[in-house]
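# Architecture and fold: a report
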Amino acid sequence: MTQSELKQTAAIKAADAVHNDMTIGLGTGSTVYYLVEELGRRVQEDKLQIDCASTSKRTFEQAQQLGIRMHPLSEMQTLDLTIDGADEIDAHFQGIKGGGAALTYEKIVALNSKHNLWIVDQTKLVSQLGAFPLPLEVNPFGCQQLIDRLTQEGLHPKLRYTQQKKLVKTDMNNYIVDLHLEQIKHPHLLADWLDHQSGIIEHGLFLDLVNEVVVGQASGPKVIA
Ligand code: 5RP
């Protein structure tokens with residue numbers, strides 16, 4: 001099976017957790033794309049009744065086009081369930097997100113959900129976080145000074161560009177800086193330090209947030225809780 005097919009099997013399996021009258025947070029990325037397709041199909045064919053908030057414009061538009069009822073997060077109570085992708089997950093369910101530059105909204109939605117479920121293909125499971133560059137959403141104002149400070153701290157920051165060599169901009173028109181760390185030995189210490197740096201709007205360390213993971217693997221999707 002291809003990586004995309006593994007993502008799709010995880011996404012379709014995770015959709016089993018969605019039932020009538022639930023409020024759902026929809027994540028962002030290629031795995032979530034399949035989830036939204038499946039939920040859209042159930043809304044149209046099975047008359048599934050759900051109310052959703054999104055973590056990005058992309059997901060919002062996809063879901064709305066499929067007839068899923070979408071709302072601004074601020075107009076909803078705590079969500080019953082958020083389903084999102086991830087870039088890395090370790091054995092303790094600590095993770096890195098933000099490969100799709102949606103980390104700030106993703107974290108806000110996750111923090112406002114009773115239950116968080118991640119959907120990944122098997123390549124995302126790691127023994128230690130950090131091979132995937134850690135994304136930061138940063139304010140453009142003073143961005144170069146922030147990068148200099150991160151460099152001095154030995155965190156190997158790089159501004160993220162598109163393949164067309166344009167600066168990546170988030171839904172809030174901020175920039176993404178990726179920290180090329182190779183390994184993160186103390187995720188909580190790093191998260192705490194990053195939380196206190198002016199100019200960093202959010203970082204992609206999602207710690208102690210996820211309750212359940214559905215992993216797409218060749219033998220079939222596996223639920224880990
Ligand atoms: C977006 C994210 C994504 O959930 C993460 O990058 C995984 O993406 P994909 O499902 O395309 O592999 O954090 O900001």
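Think of each chain on its own: its residues are numbered from 1, step by step along the sequence as written. For a predicted model such as this one, the threshold for reporting local features is a pLDDT of at least 70, and the threshold for listing and counting side-chain atom pairs is 80 or more; totals across whole chains, interfaces and linings nevertheless cover every residue.

## A closer look at the environment of Q65
Secondary structure follows DSSP: runs of H or I at least 4 residues long count as helices, runs of E at least 2 residues long count as strands, and numbering of each begins at the N terminus. Along the chain, Q65 falls in helix α3 (residues 57–65). Residues are called buried when their C-beta atom has 20 or more other C-beta atoms within 10 Å, exposed when it has 12 or fewer, and partly exposed otherwise; all C-beta atoms are positioned from the backbone. A count of 10 C-beta atoms within 10 Å places Q65 in the exposed class. Taking the C-alpha atoms as reference points, Q65 and G40, 25 residues apart in sequence, are found 8.6 Å from one another.

## Some points on the sheet that holds strand β4 (residues 81–84)
Strand pairing in a sheet takes place through backbone hydrogen bonds and is either antiparallel or parallel in direction. Here the rule is simple: two strands pair whenever DSSP picks up at least two bridges between them. One open sheet accounts for seven strands, arranged β3-β2-β1-β4-β7-β13-β14; its pairing is mixed. Here the strands that pair on one side only, and so sit at the sheet edges, are β3 (69–70) and β14 (222–224). One ladder, built from five bridges, connects strand β7 (residues 116–121) with strand β13 (residues 212–216); its direction is parallel. The residue of β13 that forms the bridge with V120 is V215. Residue pairs qualify as contacts under a 7 Å threshold applied to their C-beta atoms, which are placed from the backbone. Axis definition: a line fitted to C-alpha atoms, limited for helices to the stretch in contact. Angles are taken between N-to-C directions and run from 0 to 180 degrees. Contacts between helix α2 (residues 30–45) and the sheet are confined to β1 (22–26), β2 (50–54), β4 and β7, with β7 contributing the most and set at about 115° to the helix. Packing against the sheet, α3 makes contact with β1, β2 and β3, and its axis sits at approximately 155° to β2.

Remember, this is a structural readout, not a statement about activity or role.
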